[in-house]
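# What the coordinates show
These are the residues of each chain, in order.
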Amino acid sequence: MSRHTASLAELSRQLRAKQVSAVELAQAYLARIEAHRDLNAFLDVRPEVTLAQARTADARIAAGDATPLTGIPIAHKDIFVTKDFTSTASSRMLEGYMSPFDATVVQNLGNAGMVTLGKLNCDEFAMGSSNENSAYGNVLNPWDKGAVPGGSSGGSSAVVAARIAPVATATDTGGSIREPAAFTGVTGTKPTYGRPSRWGMIAFASSLDTAGLMTNSAEDAALVLGPMVGFDPKDSTSVDRPGEDFSRDLGKPVKGLRIGVPKEFFGAGLQPDVEAAVRTALEEYRRLGATLVDISLPSAELGIPVYYVVAPAECSSNLSRFDGVRYGHRAKSYGDLNDMIAKSRAEGLGAEPKRRILIGTYVLSHGYYDAYYIQAQKVRRLIADEFRRAFEQCDLIAGPVTTSVAFGFGEKAADPVAMYMSDLYTIPGSLAGIPSMSIPCGFGAKGRPVGLQLMANYFEEAKMLGAAHQYQLATDWHARIPEGFR
Amino acid sequence: MALTLDDVARIAHLARIEITDAEARRTLSQLNDIFALIAKMQAVDTAGVEPMAHPLGGAQRLRPDEASETIDRDAALRNAPAQQDGLFLVPKVIE
């Protein structure tokens, strides 16, 4: 078996058995990255940094001081700040920015011995659903280079689908892990809000931003999630819970598992090709012994309007730090301080972050705060309460991730509202803050991948990953590799 | 309720983003589309519902008021667009 198609557990075994060194593994992936530069998935690659980390990993393995992840390569979404690679959030505003510290997630995985391959393209400040909002160009979908890889974690989804990185970090605010995972046929996992630290994750919407993973299987995700998450005193919404083994339910059959199927996720707008693949996947779960339960999430359709108040409001506050004073882009010519700030922001920020800052500034402005922001927070609670009630009737919730398979470049770029609808099925879970994931479940129009969404109650990642793994034992969609990357 | 060009100019000023007239016109129609979408949640009856600030509820944890992480001055200044004598340089604020 080629190494780029091996599971992380298999790579880990080979590393510790010294059948391959961390340096050899890093070199093999760096060569694949180089061979597929046309995907435009990486924004910064520094072989000397990667190989130095790999040599350290080899020394740890030789000294018997390795964790199961020591020596395994990983690529990081360019939303996580890193000391040794540029951190740009795919924005001109942060072109060339070198962070004085590593994000906690990066540090945790580094402490486990993982080797960083580089930084991944994404939508600017993680705002977008197609990766077309990057200041550094489009990322191509490895399944079809005319299709978007999804967003905002489009670089993360593309490199894992193309097997040019065995695992990648990603972030999800309204669907930015699950939607690109669905569009590229990879496994995208968003844990419970507050489990992974937000420290060093360039902030978009602080009450929603959640770090997660792109992998080629639920089993791989379960292996990396444990070392990645954990209490961080530097993040004021970090959850203080003991560490867990997220692999503990992988071997558990789904017999008797109650899977809730929300009727609102199968309404108008859902394309027949996606619906057919998702229904077939649900049938597979039934065949494996799970029970399908009809449930209703009547307020879920309010998710998009609520999200487009809450997320822009928080983004307008978070992005106020980009003023051209301490770091980031500064305009070449300007008058007074206010003019310098306004011109620097006009030049440094792209159209989508600007649009969201303007929405957020408006909904937070005097006289509108209650009608928009407080009302949105109230409806957010209604949505979260419906999930709580649904989980009294079922163990997991399943449905589509997206209404359609990956769309083409430019198809939605001129119409923000059409683009926002891409996240119809992912936003409700983000607002509630529950764990959720996308697993590949077939192919739709033009041979483009389809994702099945699984959602679990708060802190029930292990149960969700277990059910995903059982599906992946029975099917091989997750093992399919696009032509040209095998 | 639809926004006007004056609203866009006022919001852009509050957000400290310079905007040209052409951009303001383009932005105006996009913002009105987005606010038409948002209007759907404004009609919902939320009497008696507690606003949800973030998913895990409860009060935000506070840390003790003491110095914790520090960044050394050179590292903090490394990305500065303009600096002098260990300080960030900006246009004169007080005449």
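Refer to the preceding data block for the structure.
Here goes a summary of the coordinates provided.

Reading guide: rules and limits
- Residues numbered from 1 in each chain as written.
- Chains lettered and ligands numbered in written order.
- Predicted model: local features only at pLDDT ≥ 70, side-chain atom pairs only at ≥ 80, totals over all residues.
- Buried ≥ 20, exposed ≤ 12 C-beta atoms within 10 Å, placed from the backbone.
- Helix = DSSP H or I, 4+ residues; strand = E, 2+ residues; numbered from the N terminus.
- Pairing = 2+ DSSP bridges.
- Expected span 1.5 Å × (residues − 1).
- Arc of directions from axis to C-beta.
- Contact = placed C-beta atoms within 7 Å.
- Nonpolar A, V, L, I, M, F, W, Y, C, P; charged D, E, K, R; others polar.
- Axes fitted to C-alpha atoms, helices over the stretch in contact; angles between N-to-C directions.
- Parallel < 35°, antiparallel > 145°, perpendicular 65-115°, else oblique.

## Observations regarding the pairing of strand β11 (residues 449-456) of chain A
All names here are of chain A. Burial of β11 is extensive: eight of the eight residues sit out of reach of the surface. The alternating pattern of β11 places Pro-449, Gly-451, Gln-453 and Met-455 on one face and Val-450, Leu-452, Leu-454 and Ala-456 on the opposite face, and all of these are buried. The pairing of strand β10 (residues 436-443) with β11 spans seven bridges and is antiparallel. Paired with Phe-443 across the two strands is Pro-449, which belongs to β11. The turn linking β10 back onto β11 is made up of five residues, and Lys-446 within it adopts a positive phi angle of 60°.

## Let's talk about helix α8 (residues 272-287) of chain A
Residues and elements named next belong to chain A. The terminal C-alpha atoms of α8 lie 22 Å apart, and with 16 residues this matches the ideal 22 Å at 1.5 Å per residue to within 8%. For α8, the complete set of buried residues consists of Val-274, Ala-277, Val-278, Ala-281 and Tyr-285. Axial view of α8: buried residues confined to an arc of 95°, hence all on one face. The exposed residues of α8 that point more than 90 degrees off its buried face are Pro-272, Glu-283 and Arg-287. For α8, the elements touching its buried residues are β7 (258-262), β9 (396-400), β10, β11 and α15 (461-474). Positive phi appears at Gly-289, one or two residues downstream of α8, with a value of about 110°.

## Digging into the interface of chain B and chain A
In this complex, chain B contributes 43 residues to the contact, which on the side of chain A involves 54 residues. It is helix α2 (residues 21-42) of chain B that provides the largest number of residues to the side of chain B that touches chain A, a total of 10 residues. For the side of chain B that touches chain A, the residue count by class is 28 nonpolar, seven polar and eight charged.

## Regarding the packing of helix α1 (residues 5-14) of chain B against α2 of chain B
All names here are of chain B. For the pair α1 and α2, the least separation of the axes is 9 Å and the interaxial angle reads 100°. When the interaxial angle is binned, α1 and α2 end up roughly perpendicular. In this structure, α1 contributes Leu-5, Val-8 and Ala-9 to the contact, and α2 contributes Ala-24, Arg-25, Thr-27, Leu-28 and Leu-31. Partitioned by chemical class, the residues of the contact of α1 with α2 number six nonpolar, one polar and one charged.

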